[in-house]
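Each chain is listed here by its residues.
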Amino acid sequence: LMQEHIFDPLNMRYSTFDPTVAMTYALAHSHDLNDDGTLSVQHRFGDNVAGYPSGSVISNVTDLAHFAVMLLHAGHFGDGQILSPNSVRQMQTLQGDMMTVSGAGYGLTLSLDHVQGVQRVGHQGAVGTYGSILTMLPETKRAVIITCNRAFGFWDRLYEIVDHIILEWLDPPKIQPAPPTISPEKSHWSGYTGYYVGQLRGLVKISAEQDSLMLEWHGEKMALQAHRPHVYFGKLGEVTLSVGFVPETAGPTQYIMLNGAPCQRIEYALPIL
């Protein structure tokens, strides 16, 4: 189905779900990062048919560029209409909110965000030590694509490269405006306060002190300001932290989103010494 409706019409000649097909082309190998900083080839290839077609497409930058061109032109590529404009619109419309001040979340198959007020959409993936980043700016019809056969250990650098290119395109002002604020709904604060923990963010404490909602994280404490209903932000130096409180139909908040990553409420008490 993918071959007939996507790969062939988009002239994605080297894109496939089948590793045995990919191996007939010039296929980059996964690599291990050694203790001395050198790389060595992995002589195994990850393959899990159960993951198809949610992931595991083997592709290259040229083929992915064709895919990006189609998404940036309302589903049109060459002489054909690959996807309907409405389908592409839904892919780039917020379906799942990550509760950040930048408007991060998910459309259909695509991650969504904003940089300098411009929408950024894309998709990231990894299998084995392979990694790929596809980032598009629909308003400017530009895209950045990176593929790497040793992404683990280098993800931060890859994202820095993508962000640097995008900021060069947008030519942002040197002083960034603060996120807009609203009057907080203080009646919700008692349900917000408590301890939360998440796999990516660790231990988080939310408290209400002196008419302010406070965040404690990694030894830092900061006041939070309301950005929109249930979404707050704080400043850690020049870095803006987003805190979203997932609404409950009854009872206290059970989950928060700290910079887009989930944390769950826990019962936590310091030991008595």
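Described in the following lines is the structure provided in the data block. It should be emphasised that the depicted structure is a prediction, and the values quoted were computed from it without experimental measurement.

Thoughts on the side chain of Thr16
For step 1, the next point in the chain: Considering the arrangement of structural elements, one finds Thr16 in the loop between helix H1 (2–7) and helix H2 (19–22).
For step 2, the next point in the chain: Setting aside anything within four residues of it in sequence, one finds Thr16 in contact with Phe7, Val21, Ala22, Ser56, Val57 and Ile58.

Things to note about the pairing of strand E9 (residues 130–137)
For step 1, the next point in the chain: Counting buried positions along E9 yields seven of eight residues, so the element is predominantly enclosed.
For step 2, the next point in the chain: Across seven bridges, strand E8 (residues 118–127) lies against E9 in antiparallel orientation. For Val127, the partnering residue across the bridge sits in E9 and is Tyr130.
For step 3, the next point in the chain: With antiparallel pairing between neighbouring strands as the criterion, E8 and E9 make up a hairpin whose turn holds two residues, including Gly128 at a positive phi of roughly 60°.
For step 4, the next point in the chain: For E9 and strand E10 (residues 142–148), the ladder comprises seven bridges, and the chain directions are antiparallel. In the strand pairing of E10, Gly131 is matched with Cys148.
For step 5, the next point in the chain: With antiparallel pairing between neighbouring strands as the criterion, E9 and E10 make up a hairpin whose turn holds four residues, including Lys141 at a positive phi of roughly 55°.

Some thoughts on the sheet that holds strand E17 (residues 255–258)
For step 1, the next point in the chain: Around the barrel, which closes on itself, the eight strands sit in the order E11-E12-E13-E14-E15-E16-E17-E18 with antiparallel pairing between neighbours. Averaged over all adjacent pairs, the angle separating strand axes in this sheet is 35°, with direction ignored.

Concerning the sheet that holds strand E7 (residues 111–115)
For step 1, the next point in the chain: An order of E5-E6-E7-E8-E9-E10 is seen for the six strands of this open sheet, with the pairing classed as antiparallel. If you trace the sheet from one side to the other, it starts and ends with strand E5 (96–97) and E10, each paired once.
For step 2, the next point in the chain: Along the sheet, helix H3 (residues 61–72) contacts E9 and E10; its crossing angle with E10, the most-contacted strand, is approximately 150°.

What to know about the pairing of strand E11 (residues 194–198)
For step 1, the next point in the chain: The alternating pattern of E11 places Gly194, Tyr196 and Gly198 on a buried face and Tyr195 and Val197 on a face that is not buried.
For step 2, the next point in the chain: Here five bridges tie E11 to strand E12 (residues 202–209), and the two strands are oriented antiparallel to one another. Of the residues in E12, the one forming a bridge with Tyr195 is Lys205.
For step 3, the next point in the chain: If you look at the hairpin formed by E11 and E12, you'll find three residues sitting between the two strands.
For step 4, the next point in the chain: Looking at chain direction, E11 and strand E18 (residues 261–266) are connected through three bridges and run antiparallel.

Overview of unusual backbone geometry
For step 1, the next point in the chain: One non-glycine residue, Asn11, lies in positive phi territory at about 55°.
For step 2, the next point in the chain: As for its position among the elements, Asn11 is in the loop between H1 and H2.
For step 3, the next point in the chain: For Asn11, a relative accessible area of 41% gives the class partly exposed.
For step 4, the next point in the chain: Here Gln116, not a glycine, exhibits a phi torsion of approximately 55°, which is positive.

A look at helix H5 (residues 155–170)
For step 1, the next point in the chain: With 16 residues, H5 should cover 22 Å at 1.5 Å per step; its first-to-last C-alpha distance of 23 Å lies within 8% of that length.
For step 2, the next point in the chain: Along H5, the residues that are buried comprise Trp155, Leu158, Val162 and Ile166. What you see down the axis of H5 is that its buried residues fit within an arc of 75°, all on one side. Opposite the packed face of H5, turned more than 90 degrees from it, sit the exposed residues Asp156, Arg157, His164 and Glu168.
For step 3, the next point in the chain: Close packing links the buried residues of H5 with E7, E8, E9 and E10.
For step 4, the next point in the chain: Phi turns positive one or two residues past the end of H5, at Asp171, with a value near 50°.

Parameters at a glance
Residues numbered from 1 in each chain as written. Predicted model: local features only at pLDDT ≥ 70, side-chain atom pairs only at ≥ 80, totals over all residues. Heavy atoms only, no water. Helix = DSSP H or I, 4+ residues; strand = E, 2+ residues; numbered from the N terminus. Contact = heavy atoms within 4.5 Å. Buried < 20%, exposed > 50% of the residue type's maximum accessible area, 1.4 Å probe, protein only. Pairing = 2+ DSSP bridges. Axes fitted to C-alpha atoms, helices over the stretch in contact; angles between N-to-C directions. Expected span 1.5 Å × (residues − 1). Arc of directions from axis to C-beta.

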